[in-house]
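An overview of the molecular structure
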Amino acid sequence: MAELVVDALVENLNQVLAFTEEQLDLFGCSMKFAMKIQIAVEEIYVNIAHYAYGNETGKASVLMEHLPDISSVRITFKDSGTPYNPLAHEDPDITLEAEKRSIGGLGILMVKKTMDKVEYEFKDGQNCLTITTTI
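Right, let's walk through the structure included here. (Residues numbered from 1 in each chain as written. Predicted model: local features only at pLDDT ≥ 70, side-chain atom pairs only at ≥ 80, totals over all residues. Heavy atoms only, no water.)

With that out of the way, let us pick up the layout of surface pockets. Of the pockets and cavities examined, the second largest pocket occupies roughly 170 Å³. What lines the second largest pocket is L63, T76, K78, E119, Y120, E121, K123, D124, Q126, C128 and T130. Of all the secondary structure elements, the ones that give two or more residues to the lining of the second largest pocket are β3 (72–79), β4 (117–123) and β5 (126–134). Counting residues per element, the lining of the second largest pocket draws most heavily on β4, which supplies four residues. Its residues placed into classes, the lining of the second largest pocket shows three nonpolar, three polar and five charged. (1 Å grid on protein atoms, 1.4 Å probe; cavity = no way out; pocket = protein on both sides within 12 Å on 5 of 7 lines; lining within 4 Å. Points joined across faces, edges and corners; volume = space filled by probe spheres on them. Helix = DSSP H or I, 4+ residues; strand = E, 2+ residues; numbered from the N terminus. Nonpolar A, V, L, I, M, F, W, Y, C, P; charged D, E, K, R; others polar.)

What follows is the structure in structure tokens.
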């Protein structure tokens, strides 16, 4: 398992993406799946950077684990910001015209649709969002 801890700032997105790309390469992940995973990583990390700590700056942790027995990768994002479960909210109605839809929710919907499993828990004072997908 590998871990990266950064200040939860949008400016650190490239560092997070470089870390996940490096790990996916080590895991032998195909380009097709790496691109899909990187989009999910970007969405989740940017949400942490924007919303977890309000006007303060806190830490964000990205843990990556290869699950060779099921040819998958598990990525867990942790922050000590305001408790927030993005999976507890109703998915946006994408059948509505853009002007009639509520703002927000499309990014986490995309993550849920593209990853095999998305889980959330608040544990030890931290938001923990875990995505698992085939590589």
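What follows is about unusual backbone geometry. The phi dihedral of S71 falls on the positive side, at around 50 degrees, and the residue is not glycine. Classification of S71 as partly exposed rests on a relative accessible area of 37%. (Buried < 20%, exposed > 50% of the residue type's maximum accessible area, 1.4 Å probe, protein only.)

Moving on: the nonpolar core. Counting 35 residues, the largest nonpolar core has I37, I75 and I131 as its most contacted members. Taken together, the elements giving at least two residues each to this core come down to β1 (2–7), α1 (13–26), α2 (31–52), β2 (59–67), β3, α3 (106–114) and β5. (Core = buried A, V, L, I, M, F, W, Y, C linked by side-chain atoms within 4.5 Å.)

Attention now moves to the sheet that holds β3. In any sheet, the strands associate via hydrogen bonds between backbone groups, in a parallel or an antiparallel arrangement. Taken together, the five strands give an open sheet; going across it, the order is β1-β2-β3-β5-β4, and neighbouring strands pair in antiparallel fashion. Two strands close off the open sheet at either side, each with one partner strand: β1 and β4. Along the sheet, successive strands turn relative to each other by an average axial angle of 15 degrees, direction set aside. Alignment of β3 against β5, held across eight bridges, turns out to be antiparallel. When the sheet's bridge partners are listed, K78 is paired in β5 with C128. (Pairing = 2+ DSSP bridges. Axes fitted to C-alpha atoms, helices over the stretch in contact; angles between N-to-C directions.)

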